[in-house]
Amino acid sequence: MTVMYDRVALIGLGLIASSMFWAMKRAGIAGEVTGYARSDETRDVAREIGLCDRICDSAAEACEGADLIVLCVPIGAMDAVALEISGVLKKGAVVTDVGSVKRAVIDAVGPHIPEGVHFVPGHPLAGTEQSGPRSGFAELFDNRWCVLTPEGADADATAKLRSYWEALGSNVDEMDADHHDLVLAVTSHTPHLIAYTMVGVADDLSRVTDTEVVKFSAAGFRDFTRIAASDPTMWRDVFLNNKEATLEILGRFTEELFALQRAIRQGDGEHLHDYFTRTRSIRRGIIEAGQDTDAPNFGRNPKP
Ligand code: NAP
């Protein structure tokens, strides 16, 4: 693979940035990669494990002369970071981000992007419950979707960023930012909230002891605990910044839950069976699309 960007700057050095670095190295698509994280501790770890070619002591220093700048911080930190780097961005550079909510990031970052610099927001639909500079791995984005929400950004800059994500292993789609936020509220944000709630319920239930929860942890609950172990800062920011869509989906969720509650109370087995039959087909669709790495046939599906 040939080098696509001579200089790439990663701002924030957690799961997503470190995975991106290793995936860039695997693909050979970046010249020098600079990195910055706010804490000395993270920067020291990055130097120790060889994460980035050069670790800088400020975000502005990391971005000086960069052709591609990737903001990999929690959504609530995007505004301040964009402000900090805005003075050093070179003409023709592309700024992108990996935030899980798009409208709020566009509103926060957009105003700080100077004339002649291209802002192409993005979101890789890939992650784990791990965080920090040691948690990344080159395969994270393989066969996962990355959504770009360019909203009138320069076509060449967008096309190049698309090729960059494809070189990292992703499938790329483009979407309107508001639509992205609604889709993600359904497929990721609300499910996370439900997982947090279910684990919280188990924790609150004093008639079931902690040891029983751990010992008899069946697949459903175990999956919830994995999701509910996700980074608290990141998820706080997701809900605070995708308020409307999450509340809309939560409202619908509550209605469906009440209907199921009534069916159980009334012994309406037909309602339950029909409902579960419908949801089962959605699961099959996800596996057929190759979007579940835990499924036995993962990897055998062609890229969509
Ligand atoms: P992470 O592993 O927790 O790393 C976050 C990084 O941001 C760390 O380097 C941290 O610095 C820095 N940071 C935290 N708060 C900051 C602040 N207030 N100001 C400046 N820097 C700050 O996070 P991640 O999972 O890589 O997530 C990064 C972004 O990717 C988020 O916007 C998230 O929405 C998005 N995303 C996450 C996932 C996922 O599953 N994890 C998936 C897709 C997209 P220190 O280490 O120095 O504290």
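Along each chain, the written sequence defines residue order, and numbers are assigned to residues from 1. Note on the predicted model: pLDDT of at least 70 is required for a residue's local features to be given, and 80 or more for side-chain atom pairs to be given and counted; whole-chain, interface and lining totals, by contrast, use all residues. The basis for every side-chain value is the complete set of non-hydrogen atoms in the structure, without hydrogens or water.

Q: Would you mind showing me how to read the sheet that holds strand 4 (residues 68-71) here?
A: As a general point, the strands of a sheet are linked pairwise by backbone hydrogen bonds and lie either parallel or antiparallel. Pairs of strands are assigned from DSSP output, requiring at least two bridges between the strands. Each helix corresponds to a stretch of at least 4 residues labelled H or I by DSSP, and each strand to a stretch of at least 2 residues labelled E; elements are numbered beginning at the N terminus. As summarised here, the arrangement of the six strands in space is 3-2-1-4-5-6, forming an open sheet in which the pairing is parallel. Each edge of the open sheet carries a strand with a single partner, namely strand 3 (54-55) and strand 6 (118-119). Alignment of strand 5 (residues 94-97) against strand 6, held across two bridges, turns out to be parallel. Within strand 6, the residue paired with V95 across the bridge is F119. Packed on one face of the sheet, helix 6 (residues 155-167) meets strand 1 (5-11), strand 4, strand 5 and strand 6 and runs near 80 degrees to strand 1. Whether two residues touch is decided by their heavy atoms; if any such pair falls within 4.5 Å, the residues are in contact. To obtain each axis, a line is fitted to C-alpha atoms, and for helices this fit is confined to the stretch in contact; angles are then taken between N-to-C directions over 0 to 180 degrees.

Q: How should the site of the ligand be read in this particular structure?
A: Neighbouring residues of the ligand: 27 residues in total, closest L13, S39, T42, V73 and S100. Whenever two N or O atoms come within 3.5 Å, that pair is a polar contact, provided that in protein one can donate a hydrogen and the other can accept it, and provided that, for residues adjacent in sequence, both atoms are side-chain atoms. Take S39: an N or O atom from its side chain is 2.7 Å from an oxygen atom of the ligand. Note on areas: these come from Shrake-Rupley sampling with a 1.4 Å probe, and a residue is covered only by the protein chains present in the view. If the ligand stood free it would expose 900 Å²; the protein chains cover 84% of that surface. Counting only elements with at least two residues in the shell around the ligand, the list comes to helix 1 (15-27) and strand 7 (122-124). One heavy atom within 4 Å of a molecule or strand makes the whole residue count as near it.

Q: Any chance you could explain helix 2 (residues 40-49) here in plain terms?
A: An α-helical turn contains 3.6 residues, so a residue and the one three or four places further along point in the same direction. For helix 2, the complete set of buried residues consists of T42, R43, V45 and A46. All buried residues of helix 2 project into a common sector of 160 degrees when viewed along the axis, lining one side. Turned more than 90 degrees away from the buried face of helix 2 sit D40, E41 and E48, all of them exposed. Buried-residue contacts for helix 2 involve strand 2 (30-36) and strand 3. Categorising residues by exposure relies on relative accessible area from a 1.4 Å probe, with only protein chains included: less than 20% of the type maximum marks a residue as buried, more than 50% marks it as exposed, and the intermediate range marks it as partly exposed. Directions pointing from the helix axis toward each C-beta atom define the arc.

Q: Explain the confidence of the model for the chain here, please?
A: Detailed reading of the predicted coordinates is not advisable wherever pLDDT is low. Overall, the predicted model of the chain reaches an average pLDDT of 93, with 96% of residues at or above 70. Predicted confidence is poor over residues 296-304, with pLDDT under 50, and the contacts of this stretch with residues over four places away or in other chains come to 16 contacts. By definition, pLDDT measures how confident the predictor is in each residue, and it falls between 0 and 100.

Q: Just checking my understanding: could you explain the environment of C63 for this structure?
A: Structurally, C63 can be placed in helix 3 (residues 59-63). The contact partners of C63, leaving out residues within four places of it in the chain, are A9, I11, I69, I85, V88 and L89.

Q: Sorry, what's going on with the pattern of salt bridges here?
A: Here the idea is simple: oppositely charged side chains can pair when their charged atoms come close. Salt bridge, as used here, is a side-chain nitrogen of Lys or Arg placed within 4 Å of a carboxyl oxygen of Asp or Glu. The final tally for this structure, using the stated rule, is 17 salt bridges. Note that R134 is salt-bridged to E48, the shortest N-O span being 3.6 Å. Within this pair, whereas R134 is found in the loop between strand 7 and strand 8 (145-148), its partner E48 is found in helix 2, the two being separated by 86 residues in sequence. By relative accessible area, R134 is classed as exposed at 54%. When the shortest N-O distance is used, the salt bridge between E151 and R103 registers 2.9 Å. You can see E151 sitting in the loop between strand 8 and helix 6 and its partner R103 sitting in helix 5 (residues 103-109), a full 48 residues away along the chain. Taking the relative accessible area as the measure of exposure, R103 reaches 22% and is therefore partly exposed. Taken together, the shared-partner salt bridges connect D40, R43, D44, R47 and D57 into one network.

Q: I'm lost on helix 7 (residues 177-204) in this one. Help?
A: In this scheme, the bend at a residue equals the angle between the axes fitted to the seven residues that finish there and the seven that begin there. When the local axis directions of helix 7 are compared, the greatest deviation, roughly 55 degrees, occurs at A185. Within helix 7, burial applies to A177, H180, D181, L184, A185, S188, H189, T190, H192, A195 and A202. Sitting at the head of helix 7, D176 places a side-chain oxygen 3.1 Å from the backbone nitrogen of D178.

Q: Please explain the environment of I29 as it appears in this structure.
A: Note on placement: I29 falls in the loop between helix 1 and strand 2. Accessibility expressed as a relative area gives 0% for I29, which makes it buried. Once the C-alpha coordinates of I29 and V8 are considered, the two residues, 21 residues apart in sequence, prove to be 9.9 Å apart. Those residues within four positions of I29 in sequence are excluded, and the remaining contacts are M1, T2, V3, M4, Y5, M24, Y164, A167 and L168.

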